[in-house]
Amino acid sequence: MQGVGFRPYVHRLAVAESLGGTVRNAGGEVVVEAEGAVAAVGRFLARLPQELPAAARIDDCRVEETAPIGEAVFSIASSVPTASDDMQAAEQTALPIAPDLATCADCWAEFHDRQNRRYRYPFLNCTQCGPRYTIVTGVPYDRVRTTMARFAMCAACQREYEDAGDRRFHAEPTACAACGPQLMWQAVIEGVAREAASHTAVLGSAALECALAVLRAGGIIAAKGLGGYHLLCDAQDERAVARLRRNKDRPHKPLAVLVASVADARRVVQVDAVAAGALMSPAHPIVLLTPQVASGLADGVAPGLDQVGVMLPAMPLHALLAECGPLVCTSGNLSEEPMAWRDADAMTRLAPLVDGVLTHDREIVLPCDDSVVQIDHSGAAVPLRRARGFAPLAIRVVPGSRRDGADRGTVLAVGAELKSAAALLQAGRLTLSPHLGDVASPETLEALSLAVKRLETSLGATPDVVACDAHPGYLSSLWAAARAARDGVPLVRVQHHHAHLASLQAEAVARGALAPDVELAAFTFDGTGYGEDGTIWGGEFLRGGAAGFERLASLQSFLLPGGDVAVKHPWRIVLGVLDAVDRMDAAPMVLSPHVPLETLNLVRQQLERRVACTRTSSMGRWFDACAVLCGVTPHNTYEGQAAMQFEALASRCMATARAPRYRFRLTDGVLDGTPVIHALLDDVAHLRSRGVARATPAFAELAWGVHAAVADAMYMVAACHAPADPAGAERVVGLTGGVFQNRLLTQLAVQRLETAGFTVLTHRLVPCNDGGLALGQATVAAHQYATDCPTS
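These numbers come from a predicted model, not from an experiment.

### Here we look at the overall build of the protein chain
So, step 1. A count of helical and extended segments in the protein chain gives 25 helices and 29 strands.
So, step 2. Relative to a compact globule of 792 residues, whose C-alpha radius of gyration would be 28 Å, the protein chain shows 27 Å and is just as compact.
So, step 3. With the C-alpha coordinates of the protein chain rotated into their principal frame, the extents come out at 85 × 70 × 50 Å.
So, step 4. Carbon and sulfur atoms provide 52% of the accessible area of the protein chain, an area that totals close to 30700 Å².
So, step 5. Treating the 70 positive side-chain charges of the protein chain as one cloud and the 83 negative ones as another, the clouds have centres 4 Å apart.

### Looking at the side chain of His 497
So, step 1. Inspection of the secondary structure puts His 497 in helix 15 (residues 496-510).
So, step 2. Owing to a relative accessible area of 0%, His 497 belongs among the buried residues under this scheme.
So, step 3. Once you skip the residues sitting within four places of it in the chain, His 497 turns out to touch Thr 524, Asp 526, Gly 529, Trp 537, Gly 538, Glu 540 and Leu 542.

### Focus on the sheet that holds strand 16 (residues 410-413)
So, step 1. Spatial strand order, 15-18-17-16-19-20: six strands in an open sheet with mixed pairing. The sheet is open, and its two edges are formed by strand 15 (393-396) and strand 20 (491-494), each paired on a single side. With strand direction ignored, the average angle separating the axes of adjacent strands in the sheet is 20°.

### Focus on helix 13 (residues 442-459)
So, step 1. A rise of 1.5 Å per residue sets the reference length of helix 13, with its 18 residues, at 26 Å; its end C-alpha atoms lie 26 Å apart and thus fit the reference within 8%.
So, step 2. Turning to helix 13, the residues buried within the fold contact strand 16, strand 17 (423-426), strand 18 (429-432) and helix 14 (475-487).
So, step 3. Positive phi shows up at Gly 460, right after helix 13, with a value of about 60°.

### Comments concerning helix 8 (residues 238-248)
So, step 1. Of the residues making up helix 8, those classed as buried are Ala 240, Val 241, Leu 244, Arg 245 and Lys 248. Down the axis of helix 8, the buried set is contained in an arc of 135°. They therefore lie on one face. Exposed residues on helix 8 whose side chains face more than 90 degrees from its buried face are Arg 239 and Arg 246.
So, step 2. Those residues of helix 8 that are buried are in contact with strand 7 (229-234) and strand 11 (327-331).
So, step 3. Between a side-chain oxygen at the N-terminus of helix 8 and the backbone nitrogen of Arg 239 the separation is 3.0 Å; the capping residue is Asp 237.
So, step 4. Remark: Asp 249 follows helix 8 within two positions and exhibits a positive phi of approximately 60°.

### Considerations on unusual backbone geometry
So, step 1. Going from Val 139 to Pro 140, the amide bond is cis rather than trans, its omega being 0°.
So, step 2. Along the chain, Pro 140 turns up in the loop between helix 4 (105-112) and helix 5 (155-162).
So, step 3. Phi at Arg 120 takes a positive value of approximately 55°, unusual for a residue other than glycine.
So, step 4. Along the chain, the position of Arg 120 falls in the loop between helix 4 and helix 5.

### Brief notes about the sheet that holds strand 1 (residues 20-26)
So, step 1. Spatial ordering of the open sheet is given by 2-1-3, a layout of three strands whose pairing is mixed. Two strands lie at the open edges of the sheet, namely strand 2 (29-35) and strand 3 (74-76), each paired on one side alone. Neighbour-to-neighbour, the strand axes of the sheet open up by a mean angle of 15°, direction not taken into account.
So, step 2. Relative to strand 2, strand 1 runs antiparallel, the two being bridged by seven bridges. Looking across to strand 2, one finds that Thr 22 is bridged to Glu 33.
So, step 3. Against the sheet, helix 1 (residues 6-16) touches strand 1, strand 2 and strand 3, its axis set at about 175° to strand 3.

### Here's the deal with the packing of helix 17 (residues 571-580) against helix 20 (residues 619-629)
So, step 1. At a minimum axis distance of 8 Å, the contact between helix 17 and helix 20 shows a crossing angle of 100°. Relative to helix 20, helix 17 is oriented roughly perpendicular. Taking contact as the criterion, the partners of Trp 571, Ile 573, Val 574 and Val 577 in helix 17 are, on helix 20, Arg 621, Trp 622, Asp 624, Ala 625, Val 628 and Leu 629.
So, step 2. Counted by class, the contact of helix 17 with helix 20 contains eight nonpolar, no polar and two charged residues.

### Section: the nonpolar core
Soluble globular proteins: nonpolar side chains tend toward being buried together.
So, step 1. In this structure, Phe 523 and Trp 622 are the most contacted members of the largest nonpolar core, which totals 81 residues.
So, step 2. Per-element tally for this core: the top contributor is helix 23 (residues 697-721), with 14 residues.
So, step 3. Contacts of Trp 622, omitting those with residues within four sequence positions, involve Leu 555, Phe 558, Val 577, Phe 664, Gly 673, Val 676, Ile 677, Val 706 and Val 710.
So, step 4. Core analysis: the second largest hydrophobic core is formed by 44 residues, Val 301, Val 308, Leu 350 and Ile 375 among them.

### Observations concerning the packing of aromatic side chains
So, step 1. Inspection of the entire model under this criterion finds ten aromatic pairs.
So, step 2. A connected cluster of aromatic rings, assembled from ring pairs, spans Phe 523, Phe 525, Phe 541 and Phe 740.
So, step 3. One Lys or Arg, Arg 752, reaches over the ring of Tyr 715 and ends 4.0 Å from the middle of that ring.

### Observations regarding the environment of Val 732
So, step 1. Note on placement: Val 732 falls in strand 28 (residues 731-736).
So, step 2. Setting aside residues up to four positions removed in sequence, Val 732 forms contacts with Leu 520, Ala 521, Thr 759 and Leu 761.

### Some details on the pattern of salt bridges
A side chain with one charge can pair with a side chain of the opposite charge if their charged atoms come near.
So, step 1. For the structure on display, the rule yields 41 salt bridges.
So, step 2. A salt bridge links Arg 24 to Glu 33; its shortest N-O distance comes to 4.0 Å.
So, step 3. Here Arg 24 falls in the buried class, since its relative accessible area comes to 6%.
So, step 4. Residue Glu 33 is classed as partly exposed on the basis of its relative accessible area of 36%.
So, step 5. In this structure, Asp 712 and Arg 663 form a salt bridge, with 3.2 Å as the shortest nitrogen-oxygen distance. Pair noted here: Asp 712 is in helix 23 and Arg 663 is in the loop between helix 21 (641-651) and strand 26 (665-667), with a separation of 49 residues, a long-range link.
So, step 6. The class of Arg 663 is partly exposed, set by a relative accessible area of 46%.
So, step 7. Connected via shared salt-bridge partners are Glu 17, Arg 43, Arg 47 and Glu 51.

Cut-offs applied
Note that residues are indexed from 1 along each chain, following the sequence as it is written. Reporting of local features is limited, given that this is a predicted model, to residues whose pLDDT is at least 70; pairs of side-chain atoms are given and counted only at 80 or more, and all residues count toward the totals for whole chains, interfaces and linings. The side-chain numbers reported here are obtained from all heavy atoms of the structure, hydrogens and water having been left aside. Strands are runs of DSSP state E lasting at least two residues, helices are runs of H or I lasting at least four, and both sets are numbered from the N terminus onward. Every radius of gyration here is taken over C-alpha atoms, with the globule rule written as 2.2 Å times N^0.38, N being the number of residues. Surface accessibility in these figures is a Shrake-Rupley result with a 1.4 Å probe; residues are shielded only by whichever protein chains are displayed. By the counting rule applied here, Lys and Arg register as positive and Asp and Glu as negative, while His and the ends of each chain are not counted. To locate a charge, take NZ of a lysine, CZ of an arginine, CG of an aspartate or CD of a glutamate. Three exposure classes are used, based on accessible area relative to the maximum for each residue type with a 1.4 Å probe and protein chains only: buried under 20%, partly exposed in between, and exposed over 50%. The criterion used for residue contact is that any of the two residues' heavy atoms lie within 4.5 Å. At least two DSSP bridges between two strands are required for those strands to pair. What counts as an axis is a line fitted to C-alpha atoms, over the stretch in contact for a helix, and the angles between N-to-C directions run from 0 to 180 degrees. Expected span, for any helix, means 1.5 Å times one less than how many residues it has. Each C-beta atom gives one direction from the helix axis, and the arc is the one those directions make. Any pair of nitrogen or oxygen atoms within 3.5 Å is treated as a polar contact; in protein, a donor-acceptor pairing is required on top of that, and neighbouring residues in sequence qualify only through side-chain atoms on both sides. Note that the term roughly parallel is reserved for angles under 35 degrees, roughly antiparallel for angles over 145, roughly perpendicular for angles of 65 to 115, and oblique for everything else. Asp, Glu, Lys and Arg are counted as charged, while Ala, Val, Leu, Ile, Met, Phe, Trp, Tyr, Cys and Pro are counted as nonpolar; the rest, among them Gly, fall into the polar class. Here, nonpolar core refers to any group of buried Ala, Val, Leu, Ile, Met, Phe, Trp, Tyr and Cys residues whose side-chain atoms link them within 4.5 Å. Only centres within 6.5 Å qualify two rings of Phe, Tyr or Trp (six-membered ring in Trp) as a pair; their planes then separate them into stacked at under 30 degrees, edge-to-face at over 60, and tilted for everything else. Only when the NZ atom of a Lys or the CZ atom of an Arg is both within 6 Å of the ring centre and within 35 degrees of the ring normal do we say a charge sits over the ring. Counted as salt bridges are all cases of a side-chain nitrogen of Lys or Arg within 4 Å of a carboxyl oxygen of Asp or Glu.

Now the structure itself:
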């Protein structure tokens, strides 16, 4: 990556060992020529991978001995290939720009030091931290090609910038209060801002005081961060949180909480060593954690859920704001809109939502949302959304080939529709863009276009092949088709669950967990994916990889009355499931009083006549139906709401031994949930007859029983299609797709499968949801066109 401070790090290490020579970038690699005493060179080589900057990573290192030429001084040379570079180095691709990195420990020390000239400066940074991806205007990465170019460095900053021994040597965004970006507060005049956008401006430290005063008074502000604007309010003020939700039109979707330190985080959520490490990592992501019993957080922060997203300040400005206590910190937008990141757009869209806007004069070139991770069944921090701090992400890819040595060219993959991210695969390295959101509007299509342009510019490549989802109606697929036609290159439409499978396979190979060219059998469970038969898949057990796949088993299909309408109103999914198991008689009992009888009968007629109904085998939709049966919301105001609240309900089960043991049937590759639904309906009717309220421990036991039933069914399918090998060969099975964001299900499934002798692979590098789909699309397209596509 460009911009992680690697060359200055090598320089400091070489000087410390009294070596001479140079370090420089050369065609995508770093070339170090070092000479000195044998022992000193040996220590240098030993220390090189051990003391890396936080954001740096060495994937491969080749060492060659050569004759000394008498260099006594070590320097950073210009990044220009020379005749001494071997052909392999010269032909390597360029490097992507590094992610934006959270403030490092050294900068935090300066921030808190009253004697330091950067004391409490909102924008301090160095070679180890600060903005990168969001401020770059061109490559190679240099100050003149960033939005910091307009800020002329003062004499003190210039000296640091030119001093090879200084932490800010060639720190391109470096600045201080005397020469760098400044804050500006624009108070929104109630009533007038909505009509005439009238604002009054306050500059500098006074701007911060105005913002803090509004927050302390229970108001709402918009604040410009690293990659866009956030909306903030007091997370312990129920009225402030409710008002933010009304203004943002986000009635139930969970809100992230910003805290000043790990100690403050422990006051509101349970933080163990793994969680603390995730919070304090260079990405400073949002980490999903269990709230304390007496967290003090408003109930409206994460209604109906058993986890709260918490993050530490990613930049000094956020630390200054967090001094007034835990703050809701959510993306600056209306519900379903992309995050505001351009200043003029932010004032237009956000002013009606807030009491004031805290902005600054460092321009954002590309938007980048906050990353989200959760702690999985094994205690590892895994990504749910890769964005600020994590992306662009470079992954070594070893796709299978139809013919050894075939040139696959460069592949552009654009993801699907939800949680989209784009990727560029070139010379065995895949670079994944930050999370782009749901590509379902012209605004999010612009974000896709900008992200692709950045990938192409920073990597110096244009695609020979374009890959997209097989769904013909996705805007990303239409965009990809237009791009392929414009460039005259092939378009590869990759089946959605094949891409999930290939993504997990490629990641497992990159992590050394799976040998290249080995087929993987995996459960691909999600909400929606266009199937090869024209129906909607989502409860699949597939075997294959980049070369292709076989559908070994699938959840028994059912109808979605109204298609996508049912996704927003999962009570409709209940009717589809009841229709499939011949228990429509139970509909009034489970859906009243949430659905009027007249409406219910209309949808029943729709199902009987098979009008505007979509057939699906989606496990995500099946979980939605079970959630409603157990008393969870019959309406989704955000994607995944019913399933997330269903998991939270099941996680509250305190007596798993009392939970019902539901069972699926497996017949000819069809996983039939009829027995589960019949038994669940009987248990629900029994509880309702006793007057047991929904969302109580008794219903939690039913919810846990459904999760356990799916885990048992997964073992049944895996055992059928991957029987024990008499020779003792390892049996490997994977879990991929958005349903496996459900920690409880994943934990139960892994336990069940591992107990039976399976090795279970899950995602670690890319999200299991559609945020990792582009990785799979790219490897499938690369394999398909290994010998056929033209090369750039």
